[in-house]
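Here is how the chains run, residue by residue.
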Amino acid sequence: MAKLVVILNGAMAGNHFIDKGRITIGRRAGNDIHLDDPGVSKEHAVIQTVGNDHIFEDLGSTNGSTLNGSRIAKHILQNGDVIDMGAYQLKYANIKANPEMDYDRTMMIHAVDRKIGAVPLSAGRDASHASVSTARSSLRASFPLGEVRGIKGEFAGQTIELERPLKTFGTAGGQVAVIMRRPPGYFITHVEGNKAARVNGQAIGSEPHTLQEGDVIEVGQEKLEFFLK
Amino acid sequence: MTVQSRVEFASATDTGVVRKFNEDSIATDSEIGLMVLADGMGGYMAGDVASALAISVVKEELVTALGKLEPEETNDTAKRYLPQTLAMKRVTEKANQMILRVARKNSQCQGMGTTLTLAVFYEDRISIAHVGDSRLYRLRYDRLEQLTMDHSLLRGQVAAGLIDSGDAKLSHNRNLVTRALGKEEMVEVDVREEDVLPGDIYLLCSDGLNDMVEDADIELALCELKANLPLAANVLVQMANDNGGHDNVSVVLARVQAQSARRGLLESLFGWLRR
């Protein structure tokens, strides 16, 4: 189960399991998590449970709440998040909300009254999830950027960075090839036309062809040279 | 000339990088202009049973249902939709019944379920029926648009203002569907009808694609590769796997030929005038 670790002056001051749909945090004694500090508002924030998510929301507190130094109003908690409120820190621990872990299988849930709130799961399978964006950016960053320089044709004298996952070259309805950017490099594949494009004078065939630094591509009216930055 | 003969289909499906089994099922039928996809879940490895059952019920029943469309019903739903669309809704309900029946008889299949999204091209219309979070997109004039609304907790949260759509990728609820076949006796099926234009491309996909590949990149792949539909289908699957391939990924593509029946008639008229 997800929990919140209360930290004061760098030392652990308590543990709270998120065991209900709405957890209140504030200086007033009646709060589920009572933080006795003048920098904390009486009703400072709430954490709401929606499915697998725990959503932190600042209730317009006087001094605000910060996550990694940035002020936040509403935030879907991620494993390891530390939120500052006054002199206190709350650390969110939930291995199921770990961006490094795998996606879970799709599950059905009971949306009994179709209201948004704590939703019980119909299956007891453990959930674990990943943040797509982190996985993706690390893949993209891991190999050099490629570019083509036009020797002849529409792009003569120009340099085109191949930053997106794919780009086609050639003449639509005539001869077209696509250059794909995928780990671990760049590939050229035939798209349309009776004859395939040529790399260094050789037709590329129907299978993807790996591009090397300095390769000369001829497709449609274009003659292009491939480089890695 | 019917629209069916003007629609070209291509598809690809893959287990992905992480999973051991492919629980997605897909099918197309050029005779009746059908494209259908089901993303199975739950049970003891029975997700693939549920999705395959749904597809086979749809394929078999729809041929019969479209052959003898039932007389117009008089309730409000019937007045708003084509008989074809209502037949698709009934077939989806039948698939639900079938999955429940099999699950009751086989303990290994208990708790199995599936999403189901199907589209049928009919003259200059497309009819769409869906349950769950398998999406249908349309590429028109090089712009991608989602035609189905996910039956997922995440979309509900965004719609209710609990989560900004920009924060949705931080959510851990992307895999929670609020509707599926095999869950209850009654299933609520969303139906929709749209005009079809020459050059349109339709993409039916499981969440293994749209969770791993951003809409902008899906749009780019379809725009750049629409001349080669089978390649486009394979590249979409490959992009999902390159980005991590956390789930089964399936895509079905349909392209409406640029030459429509209506245009064909007009052109032949002009051709006659020019003579």
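Everything numeric here is computed off the predicted structure, so don't read it as measured data.

**Considering helix 1 (residues 47–67) of chain B**
Residues and elements named next belong to chain B.
Consideration 1: With 21 residues, helix 1 should cover 30 Å at 1.5 Å per step; its first-to-last C-alpha distance of 31 Å lies within 8% of that length.
Consideration 2: Its maximal kink placed at Glu61, helix 1 deviates by approximately 30°.
Consideration 3: Of the positions making up helix 1, those classed as buried are Gly47, Ala50, Ser51, Leu53, Ala54, Ile55, Val57, Val58, Leu62, Ala65 and Leu66.
Consideration 4: As for helix 1, its buried residues are in contact with strand 2 (24–29), strand 3 (34–41), helix 3 (83–105), strand 4 (113–114) and strand 5 (116–122).

**What about the sheet that holds strand 11 (residues 88–93) of chain A?**
All names here are of chain A.
Consideration 1: A sheet is described by the order of its strands in space; here six strands give the open sequence 2-1-11-10-7-8, paired in antiparallel fashion. This sheet does not close on itself; its edge strands, each paired only once, are strand 2 (11–17) and strand 8 (70–72). Put simply, the sheet's adjacent strands are angled 30° from each other on average, direction ignored.
Consideration 2: Across four bridges, strand 10 (residues 82–85) lies against strand 11 in antiparallel orientation. The residue of strand 11 that forms the bridge with Asp84 is Gln89.

**Here we look at the packing of aromatic side chains**
Each aromatic ring pair is specified by the distance between its two centres and by the angle formed by the two planes.
All names here are of chain B.
Consideration 1: Scanning all chains against the criterion turns up four aromatic pairs over all chains.
Consideration 2: An angle of 55° between the planes, with centres 6.2 Å apart, marks the rings of Phe9 and Phe121 as tilted. Here Phe9 is found in strand 1 (residues 7–14), whereas its partner Phe121 is found in strand 5, with 112 residues between them in sequence. Pair check on accessibility: Phe9 and Phe121 agree, each one buried.
Consideration 3: Here the aromatic rings of Phe121 and Tyr202 are separated by 5.3 Å at their centres, their planes lie at 70°, and the arrangement is edge-to-face. Linking Phe121 in strand 5 with Tyr202 in strand 11 (residues 201–205), this pair joins segments that are 81 residues apart in sequence. Tyr202 carries the same exposure label as Phe121, and that label is buried.

**With respect to the nonpolar core**
Consideration 1: If you look at the biggest cluster of nonpolar residues, it comprises 34 residues, and the most contacted ones within it are Leu166(A), Leu203(B), Leu209(B), Leu222(B), Leu236(B) and Val251(B).
Consideration 2: For this core, the secondary structure elements donating two or more residues are strand 16 (176–182) of chain A together with strand 1, strand 7 (135–140), strand 11, helix 6 (215–225), helix 7 (229–242) and strand 12 (249–256) of chain B.
Consideration 3: Take this core: its biggest share by element is nine residues, from helix 7 of chain B.
Consideration 4: Each residue touching Leu203(B), except ones within four places of it in the same chain, is listed here: Arg135(B), Leu136(B), Tyr137(B), Leu209(B), Ile218(B), Leu222(B), Leu236(B), Val251(B), Val252(B) and Leu253(B).
Consideration 5: One finds Leu34(B), Ala46(B), Val187(B) and Val189(B) within the second-largest nonpolar core, a separate group that totals 33 residues.

**Some words on the packing of helix 1 of chain B against helix 3 of chain B**
All names here are of chain B.
Consideration 1: In the contact formed by helix 1 and helix 3, the axes pass within 8 Å of each other and the chain directions differ by 140°. By the angle between their axes, helix 1 is oblique relative to helix 3. Along this stretch, helix 1 crosses helix 3, giving a crossing that reads as right-handed. Here helix 1 contributes Ala50, Leu53, Ala54, Val57, Val58, Glu61, Leu62, Ala65 and Leu66 to the contact with helix 3, which in turn contributes Gln84, Ala87, Met88, Val91, Lys94, Ala95, Met98, Ile99 and Val102.
Consideration 2: Considering only residue class, the contact of helix 1 with helix 3 consists of 15 nonpolar, one polar and two charged.

**Notes on the confidence of the model for chain B**
Residues and elements named next belong to chain B.
Consideration 1: Looking at chain B as a whole, the pLDDT averages 88, with 88% of positions reaching at least 70.
Consideration 2: Taking the mean pLDDT of every element in chain B, the minimum, 49, falls on helix 8 (residues 261–274) and the maximum, 98, on strand 11.
Consideration 3: As scored by the predictor, the complex reaches a pTM of 0.79 and an ipTM of 0.82.

**Side note on the confidence of the model for chain A**
Consideration 1: Overall, the predicted model of chain A reaches an average pLDDT of 83, with 81% of residues at or above 70.
Consideration 2: Low confidence marks residues 111–138 of chain A, where pLDDT is under 50. Its contacts with residues over four positions away, or in another chain, come to 69 contacts.

**A closer look at the pairing of strand 15 (residues 166–170) of chain A**
Consideration 1: Across five bridges, the pairing between strand 15 of chain A and strand 16 of chain A is antiparallel. Directly across from Leu166(A), in strand 16 of chain A, lies its bridge partner Met180(A).

**Things to note about the environment of Ile179(A)**
All names here are of chain A.
Consideration 1: Within the element layout of this structure, Ile179 appears in strand 16.
Consideration 2: Taking the C-alpha atoms as reference points, Ile179 and Arg164, separated by 15 residues in sequence, lie 9.9 Å from one another.
Consideration 3: Not counting residues within four places of it along the chain, the set of residues in contact with Ile179 comprises Val148, Leu162, Pro165, Leu166, Lys167, Phe169, Tyr186, Phe187, Ile188, Leu211 and Ile217.

Parameters and conventions
- Residues numbered from 1 in each chain as written.
- Chains lettered and ligands numbered in written order.
- Predicted model: local features only at pLDDT ≥ 70, side-chain atom pairs only at ≥ 80, totals over all residues.
- Heavy atoms only, no water.
- Helix = DSSP H or I, 4+ residues; strand = E, 2+ residues; numbered from the N terminus.
- Expected span 1.5 Å × (residues − 1).
- Bend = angle between axes of the 7 residues up to and from the residue.
- Buried < 20%, exposed > 50% of the residue type's maximum accessible area, 1.4 Å probe, protein only.
- Contact = heavy atoms within 4.5 Å.
- Pairing = 2+ DSSP bridges.
- Axes fitted to C-alpha atoms, helices over the stretch in contact; angles between N-to-C directions.
- Phe/Tyr/Trp six-rings, centres within 6.5 Å; stacked < 30°, edge-to-face > 60°.
- Core = buried A, V, L, I, M, F, W, Y, C linked by side-chain atoms within 4.5 Å.
- Parallel < 35°, antiparallel > 145°, perpendicular 65-115°, else oblique.
- Left-handed = near helix turned anticlockwise from the far one by under 90°.
- Nonpolar A, V, L, I, M, F, W, Y, C, P; charged D, E, K, R; others polar.
- pLDDT = per-residue confidence, 0-100.

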